[in-house]
Amino acid sequence: MSHELDSELGFSQAEIAACLARQGLLSLELEFTRACNLRCTYCYSSAGEALKHELSLDELRTVVEQARDLGARRIVLLGGGEPLLFPFVREIIEHIDALGLSQAVFTNAICLDEALCRFLFEHRVTVAVKQNSFVPAVQDALAGVRGAYAGIQRGLRRLMEAGYPDEDHRLCVQSVICRPNRGEVAAMWIWAREQGITPYFEALTDQGRAREHPDLALSEADLRQVFHELAEIDRRRFGIVWSPRPPIAGFTCKRHLYSCLVNSQGDVQPCTGVDIPVGNVRETPLAAILRGSRVIRDLRDIYRRIDPACRACRFAGTCYGCRGNAYQATGDYLAADPGCWLRATAAGEPCAWSGGE
């Protein structure tokens, strides 16, 4: 079996085991600012305006260095809003590169000009562009701003003119699978594959602004069908084989075993979905926060502590669904992911799924 995205965007089992043993990190997710030039209807953070007292450049540098000292090898620049609006984004990228760490930035691409694309390429930054539709009206509606489609396409074009993607400069497209784009998900996936772009297509989490737009969500059955369609496309057209399961197509989320998130005000939380503050880097070193948090300990022991319905699944020990979806829906970060079609029955019987590997 080939888990392409696991190898491209994740870490090996041996690396994860070593990280757990030393209570360290392999990756750190950073939010710079809640400022954003879009108002995406599904945004987990309801981004728009910058918050008061967001982390300074010096504070961000210190956090990155602390993560490096804990063994982190990759920094993921999320922004919380749009990371390229952060006034010192070039400086933090240069600092991460100087420390010898890899990095990825998630952006809507609208702020990208030719010079910034060259800068990202020179510093070997993986770029993930948020693109949800090939239809301008659909993309603009999901982004909450007219003209978003044109800006995203312009940014993608400039990245490719700068040299993306190649073996050392990965380009991804991040798409949220939802009702408005359901009919074109397969076409977007095929387009990405044919361009050498990594597709990062994920299920919607009922959080932030998405709660104001319940009409976006697909049914469990429809989401399952989408994932199976994408798996079949990969198997037949591209020779890539993976087992369809949420929350990300072709990718098994394991971030809770080796990562955490620092938001723009310094709060440490397990991920964007499990938005429980477990400490603040302005008050306590990152290492002490991670080693002193019961929530972090629970999630690093997730395969033993997760709901029995998940422990009965055929993928137990390798998959835990979406912790963010579980937490947002139930208030329990150890609950079974309510959006997962592989859940075991209440009687503890094997998951009722007949798909092949």
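Refer to the preceding data block for the structure.
Please read all numbers here as calculations on a predicted model, not as lab measurements.

## Here we look at the pairing of strand 2 (residues 74–77)
With burial as the criterion, each face of strand 2 is covered, one bearing Arg-74 and Val-76 and the other bearing Ile-75 and Leu-77. Looking at chain direction, strand 1 (residues 27–30) and strand 2 are connected through four bridges and run parallel. When the sheet's bridge partners are listed, Leu-30 is paired in strand 2 with Leu-77. Since strand 1 and strand 2 lie parallel, the crossover through helix 3 (residues 57–69) that links them has a hand, and here it is right-handed. Sheet topology note: the strand 2/strand 3 (residues 102–107) ladder contains four bridges and is parallel. The residue bridging Leu-77 from the neighbouring strand is Val-105, located in strand 3. In this fold, strand 2 hands off to helix 4 (residues 89–98), which returns the chain to strand 3; that crossover is right-handed.

## Some words on the environment of Ala-187
For Ala-187, the location among the structural elements is in helix 8 (residues 185–194). C-alpha of Ala-187 to C-alpha of Leu-70: the two residues are 117 residues apart in sequence and 41 Å apart in space.

## Some thoughts on the nonpolar core
Leu-28, Leu-30, Leu-120 and Leu-286 are the most contacted members of the largest nonpolar core, which totals 91 residues. In terms of residue count, helix 9 (residues 220–238) provides more of this core than any other element does, six residues in total. With residues up to four places along the chain from it excluded, the contact list for Leu-28 reads Val-63, Ala-67, Arg-74, Ile-75, Val-76, Ser-259, Cys-260, Val-262 and Leu-286. The next biggest cluster of nonpolar side chains, apart from the first, holds 14 residues, and it includes Cys-36, Cys-40, Ala-143 and Ala-210.

## A few points about the side chain of His-256
Within the fold, His-256 resides in the loop between helix 9 and strand 7 (261–262). A residue is classified by how much of its surface remains accessible, and His-256, at 5% relative accessible area, is buried. Non-local contacts of His-256, meaning those with residues more than four positions away in its chain, are made with Pro-270, Cys-271, Val-274, Leu-299, Arg-300, Tyr-320 and Arg-323.

## Looking at the pattern of salt bridges
If you walk through the whole model with that rule in mind, you get 19 salt bridges. Between Asp-97 and Arg-124 there is a salt bridge whose closest N-O contact spans 3.0 Å. Taken together, the residues Asp-97 in helix 4 and Arg-124 in the loop between helix 5 (114–122) and strand 4 (126–130) connect sequence positions 27 residues apart. For Asp-97, a relative accessible area of 18% corresponds to the buried category.

## Concerning the pairing of strand 4
The buried fraction of strand 4 amounts to four of the five residues, a majority that puts the element mostly inside the structure. Direction of pairing for strand 3 relative to strand 4: parallel, over a ladder of four bridges. Within the sheet, the bridge partner assigned to Phe-106 lies in strand 4 and is Ala-128.

## Digging into unusual backbone geometry
The linkage connecting Tyr-164 with the following residue, Pro-165, adopts the cis geometry, with an omega of -10 degrees. Counting through the fold element by element, Pro-165 comes out in the loop between helix 7 (148–161) and strand 5 (171–177). Residues Pro-246 and Pro-247 are joined by a peptide bond in cis, for which omega reads 10 degrees. Structurally, Pro-247 can be placed in the loop between helix 9 and strand 7. Its identity is not glycine, yet His-53 carries a phi of approximately 60 degrees, on the positive side. Within the fold, His-53 resides in the loop between strand 1 and helix 3.

## Focus on the sheet that holds strand 9 (residues 279–280)
A sheet is described by the order of its strands in space; here nine strands give the open sequence 6-5-4-3-2-1-7-8-9, paired in mixed fashion. Here the strands that pair on one side only, and so sit at the sheet edges, are strand 6 (198–203) and strand 9. Taken together, the two bridges between strand 1 and strand 7 define a ladder with parallel strand orientation. Paired with Glu-29 across the bridge in strand 7 is Leu-261. Relative to strand 1, helix 3 is tilted by about 160 degrees, and along the sheet it contacts strand 1, strand 2 and strand 7. The sheet strands contacting helix 8 are strand 5 and strand 6, and the helix crosses strand 6 at an angle near 155 degrees.

## Let's talk about the packing of helix 3 against helix 4
Relative to each other, helix 3 and helix 4 sit at 25 degrees, their axes nearing to 10 Å. Considering the angle they form, helix 3 stands roughly parallel to helix 4. As for the relative orientation of helix 3 and helix 4, their crossing is right-handed in sense. Across from Leu-57, Leu-60, Arg-61, Val-64 and Glu-65 in helix 3, the residues of helix 4 making contact are Glu-91, Ile-92, His-95 and Ile-96.

## Considering the packing of helix 8 against helix 9
Two numbers describe how helix 8 lies on helix 9: the axes approach to 10 Å, and their chain directions differ by 35 degrees. Remark: the crossing between helix 8 and helix 9 carries right-handed chirality. Every residue of helix 9 that contacts helix 8 at Val-185, Ala-186, Trp-189, Ile-190, Arg-193 and Glu-194 is listed here: Val-226, Leu-230, Ile-233, Asp-234, Arg-237 and Phe-238. Considered class by class, the residues forming the contact of helix 8 with helix 9 number eight nonpolar, no polar and four charged.

About the criteria used
- Residues numbered from 1 in each chain as written.
- Predicted model: local features only at pLDDT ≥ 70, side-chain atom pairs only at ≥ 80, totals over all residues.
- Heavy atoms only, no water.
- Buried < 20%, exposed > 50% of the residue type's maximum accessible area, 1.4 Å probe, protein only.
- Helix = DSSP H or I, 4+ residues; strand = E, 2+ residues; numbered from the N terminus.
- Pairing = 2+ DSSP bridges.
- Right-handed = clockwise from strand over helix to strand, strands pointing away.
- Core = buried A, V, L, I, M, F, W, Y, C linked by side-chain atoms within 4.5 Å.
- Contact = heavy atoms within 4.5 Å.
- Salt bridge = Lys/Arg side-chain N within 4 Å of Asp/Glu carboxyl O.
- Axes fitted to C-alpha atoms, helices over the stretch in contact; angles between N-to-C directions.
- Parallel < 35°, antiparallel > 145°, perpendicular 65-115°, else oblique.
- Left-handed = near helix turned anticlockwise from the far one by under 90°.
- Nonpolar A, V, L, I, M, F, W, Y, C, P; charged D, E, K, R; others polar.

Scope: geometric values only; no functional claims are made or implied.
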